[in-house]
Amino acid sequence: MHVQEWLETIPAVSIYALVALVIGLESLGIPLPGEIVLVSAALLASQQGHINPFVLGACASAGAVIGDSIGYAIGRKGGRPLLAWLGAKFPKHFGEGHIATAERSFEKWGMWAVFFGRFVALLRIFAGPLAGVLRMPYWKFLIANVLGGIIWAGGTTAVIYYVGVVAESWLKRFSWLGLVLAVLIGLTSMLVLKRKAKKMEGAVREAETVGAAE
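The text that follows walks through the structure, step by step, so that each part is easy to find. (Residues numbered from 1 in each chain as written. Predicted model: local features only at pLDDT ≥ 70, side-chain atom pairs only at ≥ 80, totals over all residues. Heavy atoms only, no water.)

1. Description of the pattern of salt bridges
Logical step 1: This model, assessed by the stated rule, comprises 1 salt bridge.
Logical step 2: Arginine 118 serves as the salt-bridge partner of aspartate 68, at 2.9 Å between the closest nitrogen and oxygen. Taken together, the positions of aspartate 68 in helix H4 (residues 53-89) and arginine 118 in the loop between helix H7 (111-117) and helix H8 (121-133) put the pair 50 residues apart, joining distant regions of the chain. By the burial criterion, aspartate 68 is buried, and arginine 118 matches it. (Salt bridge = Lys/Arg side-chain N within 4 Å of Asp/Glu carboxyl O. Helix = DSSP H or I, 4+ residues; strand = E, 2+ residues; numbered from the N terminus. Buried < 20%, exposed > 50% of the residue type's maximum accessible area, 1.4 Å probe, protein only.)

Below, the structure is given as structure tokens:
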């Protein structure tokens, strides 16, 4: 069976459920590639007419908001021992340096750390549980959680879907130009991600140095 035909056989509801589940689990503190799954699903929606981008964005938003809320409840109940346990189980994601960096962000920005944390991979995993551990008032957390979840999930879906539709049109009309453009976008994305990764690595190292000094 041709790949395109196989993709058309995938029920739309299974795509919606997968996106909501992965993003929800990531949001409550389990390190999963939620953003990659969302981007892939949005691109698939741009190529497959049976996948509704509005429903996809709504499911992604719901997964983000619900997952973060569950993470908040778990963090509020588990407290500091929970962070220590997570650090032992997932040292690459919940190491002391990572936690220190996230805590400083919360101390400096408060509820805005929850909102903007939705757009940063490291804080996206921490936001819910850490807000609960630090006992941020739930109403503040909920406002930032809902706004951040909807803007991040809905916005990402809309942008990627639109880019996918435009790219497909260009590829049909100017195949070589579309290929060059895709390569340039890919290279630019890699450079931007590398730059962000270096900044994040520097922040983590700084936090680890401060933690060791104290």
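2. Considerations on a nonpolar patch on the surface
Logical step 1: On the surface, a nonpolar cluster with roughly 900 Å² of combined accessible area is contributed by Trp109, Trp112, Phe116, Phe119, Trp139, Ile143, Leu147 and Ile151.
Logical step 2: Ranked by the residues each element gives to the nonpolar patch, the list is headed by helix H9 (residues 138-173), at 4 residues.
Logical step 3: Within the secondary structure, tryptophan 112 sits in helix H7. (Patch = residues over 30% accessible without salt bridge, like charges linked within 9 Å, V, L, I, M, F, W, Y side chains within 5 Å. Areas by Shrake-Rupley, 256 points an atom, 1.4 Å probe, with all protein chains shown as cover.)

3. What to know about the nonpolar core
In summary, soluble globular proteins display a tendency toward joint burial of nonpolar side chains.
Logical step 1: By size, the foremost hydrophobic cluster in this structure holds 20 residues, and its most contacted members are Ile15, Val19, Ile23, Leu38, Ile51, Leu56 and Ala60.
Logical step 2: At the level of elements, helix H2 (12-27), helix H3 (34-47), H4 and H9 are the ones that each hand at least two residues to this core.
Logical step 3: Excluding anything up to four places from it in sequence, leucine 56 contacts Ile15, Tyr16, Val19, Ala41, Ala42, Ala45 and Thr157.
Logical step 4: Tyr72, Ala113, Leu130 and Met136 belong to the second largest nonpolar core, which has 11 residues in total. (Core = buried A, V, L, I, M, F, W, Y, C linked by side-chain atoms within 4.5 Å. Contact = heavy atoms within 4.5 Å.)

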